[in-house]
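So you can see what is in the structure, the chains are spelled out below.
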Amino acid sequence: MTQRRAASCGELRKADVGQAVLIRGWVNATRDHGGLIFVDVRDRFGVTQAVFDPRSGEEEARVAASLRSEDVVAIGGVVRARPAGTENAKLPTGDIEIAATDLSVLNRSKTPPFPIHGDGEIDESLRLRYRYLDLRRPHMQRNIILRHRAIKAVRDHLDAQGFLEIETPMLIKQTPEGARDFVVPSRLHPGAFYALPQSPQLFKQLLMVAGFHRYFQIARCFRDEDTRADRQPEFTQIDVEMAFPTQDEIIHVIESTLAHMFREALGVDIAVPFVRLTHEQAMADYGSDKPDLRFGMKLSDVSAAFAGTEFKIFSQALARGDAILAFVDPGGAARPRREFDTLAATAVELGARGLGWISFAGDGVRSSLPKAALTEEMLRLLRERTGARTGDALYVVADELRAAQTVAGKLRVHVADQRGLRDSKTFAFCWVLDFPLFERDEETGGLMPAHHPFTAPAHGDESLSGDPLALRAQHYDVVLNGMELGSGSIRIHDPAVQRKIFSVLSYSDADVEQRFGFLLEAFAHGAPPHGGMALGVDRIILLMAGGDSIREVIAFPKNQRFADPMMEAPAQLAPEVLRELHLKTDIPKRRL
RNA sequence: GGCGCUGUAGCUCAGUUGGUUAGAGCGCCUGCCUGUCACGCAGGAGGUCGUCGGUUCGAGCCCGAUCAGCGUCGCCA
């Protein structure tokens, strides 16, 4: 038997002609010409055509004719150039083929429930049920390989920067605030439960106390909240922490890591440093703390332009101290009136009290505002403030400042979507800095941390005096194309400051001791100043891949109800297992 | 938990105003075919129209309920 080199299905070229090779993979397609039989063999590296000719192997040709999609085969033969005129320019291996002399069928496949080659739309629950087949499809192969490259780039880069990858436990203690936890019952401790980490936050801070100086982890995190297209009950973070950092040092590390990821995984050079915005500026200009900078359409405060307006809604708003904000829809004057009405309805759905629009058409100004309410002077001021030009439309909302910003920000993104300004191949990064330290909890009316309670106050605010809502934090977010990629902060390392934060948040002393006593104790043993960041891997890969659901970049995701339709998780436990765990279930009866 | 959209062949979908035997493309099966590459040609099989109930002489189509999937709001310190 001739010596054969094992080759992948993607590597053979003209230069390999004459070699005896063995390729193994899945049958992508067969073309049976009665005499000649072509078999396309696929593996993750590519597709190679094998040709069976009954004249050089009658039995092999007979078996080849029986091959079906997704059968697993090993084919031996000699690489030869395809006859002139039959090359396939669509395949990297399209200049050659394998003159097959040997064929082993390693495994037969049932007819697949959906086509494997090609990326046609298939019902997602079917894809998840047969995820191992779905993952064979080109789109998913690309995404999973992309993910590998991106994460490898993170490891390489952070390792080169002196970071150590350290694992932290998955079985930890529940912390009552934040998202709901997934819990794990303890057999050895009847009635007690572990919680799965929502993030390695406390452990990475303890690793800084432990003196590891620079830590990272590709960390799995768990949150028992309802899923969205960009959310899963378990997800992956690039978790980073540094001792003795300045905010700029952390920002630099994260920028260089992201740049390395995009270059190594995607071949895209992203510009560093990223644009920096304060939280206040982001809200004022874009109406969002995660602004999409791929397009302009900044918000303008046009309250002054409407001073003394006869338009009641606006005059009353101004009297209340509300803000009137506007942004330009470039070319929007070409819209038919019906579209403005639809936009107004959309704005209300997004939370607006209403939407005013002004269309600066070439043949005159049209508006939803009463004519009498729009003086020439007002129009002049509006155009001056917003930069609206003839041919543009202007959208105006009035509300309490934050509410007006938020709704205008959402509408801005909506209009940009309509205009096709959100190109998935453009990557517009930015930093949002100087977040508030606390926010008002809408439900309880109390204070809650804007980030988490370990975030250090801004320089000058350490005393926590004055209005808590006016305090700034050393908290920074990195944002890409309107999506928050990650959040970070300089942490508190002084136990006294940490206790003060807990007290502002109205945690009782007993509560603090019970929940965070170990952390405060650790801080009392020489905690270095430290800070870091966590980046959402799934979202980053999603944006790299240009998709719209993180399920597309996770090998085995859960569906919207947290279930895995393939292995049918979650599932009930056998009674003896429950007994061993000291558990009794109490399942509410379905209402009829 | 609320709301919206979807559910018809293995897959992707069409199905008119409620009216005879529910269609197409792909896939699958059989046969033919020696240069195809989503090969081609001929033939064939394949349906609980998500489920249950109602209206009607008659329901894939109308009504109600329900289940499932996706999206969205709540939620995500």
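The structure displayed is predicted, hence computed values, not measured ones.

J.: Where do I start with the packing of helix 9 (residues 337-349) against helix 11 (residues 401-418) in this structure?
T.: If you want to describe how two helices pack, look at the angle between their axes and the distance between the axes. It is at 10 Å that the axes of helix 9 and helix 11 come closest, and there the two elements cross at 135 degrees. Judged on the interaxial angle alone, helix 11 and helix 9 are oblique. The handedness of the crossing between helix 9 and helix 11 is right-handed. Every residue of helix 11 that contacts helix 9 at Leu343, Thr346 and Ala347 is listed here: Val407, Leu411, His414, Val415 and Gln418. Here the residues of the contact of helix 9 with helix 11 sort into five nonpolar, three polar and no charged.

J.: I'm lost on the protein's contact with RNA strand B in this one. Help?
T.: Not every one of the 48 residues close to RNA strand B is listed here, only the nearest: Arg31, Thr86, Glu97, Asp123 and Glu225. Take the atoms of RNA strand B that sit within 4 Å of the protein: sugar and phosphate atoms are 50% of them. The side chain of Gln49 places a nitrogen or oxygen atom 2.8 Å from a base nitrogen of RNA strand B. At 2.9 Å, a side-chain N or O of Asp226 approaches a base nitrogen of RNA strand B. If you list the elements that add at least two residues to the surface near RNA strand B, you get strand 2 (20-32), strand 3 (37-43), helix 2 (124-129) and strand 20 (447-449). Of the residues in the surface near RNA strand B, the class split is twelve nonpolar, 13 polar and 23 charged.

J.: Sorry if this is basic, but what is going on with the packing of aromatic side chains here?
T.: What describes a pair of aromatic rings is the distance from one ring centre to the other and the angle between the planes of the rings. Per the counting criterion, the structure on display carries 16 aromatic pairs. Considering the side-chain rings of Phe327 and Tyr395, the 5.5 Å spacing of their centres and the 70 degrees angle between planes classify their relative orientation as edge-to-face. Note that Phe327 is positioned in strand 14 (residues 323-329) and Tyr395 in strand 17 (residues 393-399), a separation of 68 residues in sequence. For the pair formed by Phe327 and Tyr395, the shared burial category is buried. One aromatic cluster is present, built from ring pairs that chain together Phe262, Phe274, Phe427, Phe429, Trp431 and Tyr476. Geometry around Phe360 places Arg383 over its ring, the cationic atom sitting 4.8 Å from the centre. The positively charged end of Arg515 is found above the aromatic ring belonging to Tyr507, 4.7 Å away from the centroid.

J.: Sorry if this is basic, but what is going on with the domain arrangement of chain A here?
T.: Interface size is often expressed as the accessible area that is lost when the parts come together. Here chain A is partitioned into domain 1 (5-107), domain 2 (141-277 + 429-553) and domain 3 (295-418). For domain 2 and domain 3, the distance between their C-alpha centres works out to 38 Å.

J.: What's the story with the confidence of the model for chain A in this structure? I'm lost.
T.: Detailed reading of the predicted model is not advised wherever pLDDT is low. When the pLDDT values of chain A are averaged, the result is 93; 99% of them are 70 or greater. The complex prediction reports pTM at 0.95, with the ipTM value standing at 0.93.

J.: For this particular structure, what's the right way to read the packing of helix 12 (residues 495-504) against helix 13 (residues 509-523)?
T.: Close contact between helix 12 and helix 13 brings their axes to 10 Å; oriented N to C, the two are set at 160 degrees. One finds that helix 12 runs roughly antiparallel with respect to helix 13. In the packing of helix 12 onto helix 13, the handedness of the crossing is right-handed. Taken together, the residues of helix 13 that come into contact with helix 12 (itself represented by Pro495, Gln498, Arg499 and Phe502) are Val512, Glu513, Phe516, Leu520 and Phe523. Taken together, the residues that form the contact of helix 12 with helix 13 break down as six nonpolar, one polar and two charged.

So, how was this worked out
Residues numbered from 1 in each chain as written. Chains lettered and ligands numbered in written order. Predicted model: local features only at pLDDT ≥ 70, side-chain atom pairs only at ≥ 80, totals over all residues. Heavy atoms only, no water. Axes fitted to C-alpha atoms, helices over the stretch in contact; angles between N-to-C directions. Helix = DSSP H or I, 4+ residues; strand = E, 2+ residues; numbered from the N terminus. Parallel < 35°, antiparallel > 145°, perpendicular 65-115°, else oblique. Left-handed = near helix turned anticlockwise from the far one by under 90°. Contact = heavy atoms within 4.5 Å. Nonpolar A, V, L, I, M, F, W, Y, C, P; charged D, E, K, R; others polar. Near = heavy atom within 4 Å. Polar contact = N/O pair within 3.5 Å; in protein donor to acceptor, adjacent residues only side chain to side chain. Phe/Tyr/Trp six-rings, centres within 6.5 Å; stacked < 30°, edge-to-face > 60°. Buried < 20%, exposed > 50% of the residue type's maximum accessible area, 1.4 Å probe, protein only. Lys NZ or Arg CZ within 6 Å of the ring centre and 35° of its normal. Domains from an automatic or database assignment. pLDDT = per-residue confidence, 0-100.

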